[in-house]
Amino acid sequence: MKAALIATLAALALGQPQTSVLVSEENVWDVAVEEVNGDGVADIFTAACDEKSYPLRKYVGIFPGSGEDAYESRPELRLELDPRVSTLFFAETDGAAPRELVAAHAQGATVYRFDAGAFQEAGRAEFNSLWPSLAKEPVFVKDAAKDLDGDGIEEWLVPAATGFELHNLQGLVARVDCDVMSETDTNEDGSVYIIHRLPACQFFEAGDAPVTGLAFLSDEYADFAWGPGWQSRERFEIPLDLEEKWDATTRMADISNNGFPDLLVTQTSGTVRVQALTHVYVAEAPFKYPEEPTATFELKGSIASPIFKDVDGDGYKDIVLISVSFGVRNVLNFFVRGKLSVGIDMYRFNGKDFGEEPAYRTTLTMDAPDGRQRVAYVMGDFNGDGRLDAAFGQSNDQLDIHTGEPDRFASRSPWVSVEVPSHGTARAHKLNKNDSDDIVLFHPGGDHSKRVDVIVF
């Protein structure tokens, strides 16, 4: 702890965020943030596994937070896992904080409660699910548990062949079907590939219904379940006009803050002559979407990845349209300099629509991805002013943080540059009690796969 305090004081003196490097004995495949020891500061959990071991060596490393905004380099606790465990999440199982850690596989789950400075087994649940067993890359699942009926106990969303089962430590609560994509493929050598893709899930309130509603979004349908036992159902077919060369992706978010999810549909066609078409459908009422899209965004010669984000802190979700051009200059930059020019258009939602033109446009240059590694990037409010900021890898050992401005999505020059490996997965979390978001960066499958970088603002 003394070393962490000295590092914090040094960072403050230089006006830099506090950085910590967490070290794992095995490769880190995922990271979660949860406060479990009652001190009000977030703790960091790593899902680690030696994918070449037999039986698989898996464990969760626990790095407790402290009041000094720094984390010790080695885990204070280590929870050994059954080799079958492939899915991890936190859930309230006994009605009293903190939440418990659930370690799951295809045949069930084990629940661990934090007590007396350690994790103790608190119970086991048996069920059949589509969660894998013996996966070499264990992950934490986001939003896998929520108190849906207001009794203080969180239900688990367990993937099944036809949708989701709702479980808790006492057993099955309900079954909810939705659109599941399942495929089976075989090779000439007799090997079989089985793929399941379950839709994204969001929650909503449906009038005076006794339970929280569930909304599931696939590439073709939005399925809704609500009411007693989640027996009331509604299905909305997503308007698509796909030709042979088109592909589609969908997203869901409550743009207008009315408690009901809205839809974003992006269709992409072409390889050389790329075209991206994005439609936004803002719900007119629960389960009712307009026949014509609320907004349409079209890009030619680029691929697009639109996301919902509250850019200016007004409570509405705006559209951040991120695009990569296939123009000659960008292609040359990619092959010659290893750089990509990324365009960012921000359309501000005013409570009714997004307007005809973007509120502003920004172009950023970032490192191109190398092999399996991806350039680290993340959005959050890192300076605590209520506007959305952006952090992205600028070189092999540098992460630049650009602040949001009234007339730009990101400042022309970096607000802060941090020396960390710039490839990997970056996520924004609130680790301390101030207004700023912080960054957790890990590097699955890369050169720094046993390292996690923590940046506290």
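Everything below is about the structure shown above.
Before going into details, it helps to say that this report is about the structure given with it.

A separate point is the side chain of Ser256. Within the secondary structure layout, Ser256 lies in the loop between strand S21 (246–253) and strand S22 (262–269). Those residues in contact with Ser256 that sit more than four places away from it in its chain are Asp262, Val282, Tyr316 and Phe349.

Another aspect to go through is the packing of aromatic side chains. The full count for this structure, using the stated rule, is 24 aromatic pairs. A centroid spacing of 5.2 Å and a plane angle of 25° characterise the contact between Phe224 and Phe260, whose relative ring orientation is stacked. Of the two residues, Phe224 is situated in strand S19 (residues 221–226) and Phe260 in the loop between S21 and S22; the sequence distance between them amounts to 36 residues. The class for Phe224 is buried, based on a relative accessible area of 2%. For Phe260, a relative accessible area of 3% translates into the label buried. With a centroid separation of 4.2 Å and 25° between ring planes, the pair formed by Trp226 and Phe287 is classed as stacked. Taken together, the residues Trp226 in strand S19 and Phe287 in the loop between strand S23 (275–281) and strand S24 (295–300) connect sequence positions 61 residues apart. Of the residues examined, Trp226 reaches a relative accessible area of 17% and is grouped as buried. A cation over an aromatic ring shows up here: Arg78 above the ring of Tyr59, its NZ or CZ 3.6 Å from the ring centre. Lys146 extends its terminal NZ or CZ atom over the ring of Phe203, reaching a point 5.2 Å from the ring centre.

With respect to the helices, strands and loops of the structure, Ala118 is situated in strand S9 (residues 118–126). Along the backbone, Ala118 and Glu76 are 42 residues apart, and their C-alpha atoms lie at a distance of 9.6 Å. Setting aside its immediate chain neighbours within four residues, Ala118 contacts Leu77 and Arg113.

Taken as a class, soluble globular proteins show a tendency for nonpolar side chains to be buried jointly. Of all hydrophobic cores here, the largest spans 18 residues; its most connected members are Phe45, Val60, Leu79, Leu88, Leu101, Phe119 and Phe140. Mapped onto this core, the elements with two or more residues apiece are strand S3 (43–50), strand S4 (57–63), strand S5 (77–80), strand S6 (87–91), strand S7 (100–105) and strand S8 (108–115). Ignoring any residue separated from it by four or fewer positions in sequence, one finds Phe140 in contact with Asp30, Val31, Ala32, Phe45, Thr46, Ala47, Leu88, Phe89, Phe90 and Leu101.

Here we come to the sheet that holds strand S33 (residues 425–429). In space, the four strands of this open sheet follow the order S1-S35-S34-S33, with antiparallel pairing throughout. Edge positions in the open sheet fall to strand S1 (18–23) and S33, since each of these has one partner strand only. Going from strand to strand, the sheet's axes swing by 20° on average, the running direction of each strand aside. Sheet topology places S33 next to strand S34 (residues 438–442); five bridges connect them, and they run antiparallel. When the sheet's bridge partners are listed, His429 is paired in S34 with Asp438.

Scoring rules and cut-offs
- Residues numbered from 1 in each chain as written.
- Predicted model: local features only at pLDDT ≥ 70, side-chain atom pairs only at ≥ 80, totals over all residues.
- Heavy atoms only, no water.
- Helix = DSSP H or I, 4+ residues; strand = E, 2+ residues; numbered from the N terminus.
- Contact = heavy atoms within 4.5 Å.
- Phe/Tyr/Trp six-rings, centres within 6.5 Å; stacked < 30°, edge-to-face > 60°.
- Buried < 20%, exposed > 50% of the residue type's maximum accessible area, 1.4 Å probe, protein only.
- Lys NZ or Arg CZ within 6 Å of the ring centre and 35° of its normal.
- Core = buried A, V, L, I, M, F, W, Y, C linked by side-chain atoms within 4.5 Å.
- Pairing = 2+ DSSP bridges.
- Axes fitted to C-alpha atoms, helices over the stretch in contact; angles between N-to-C directions.

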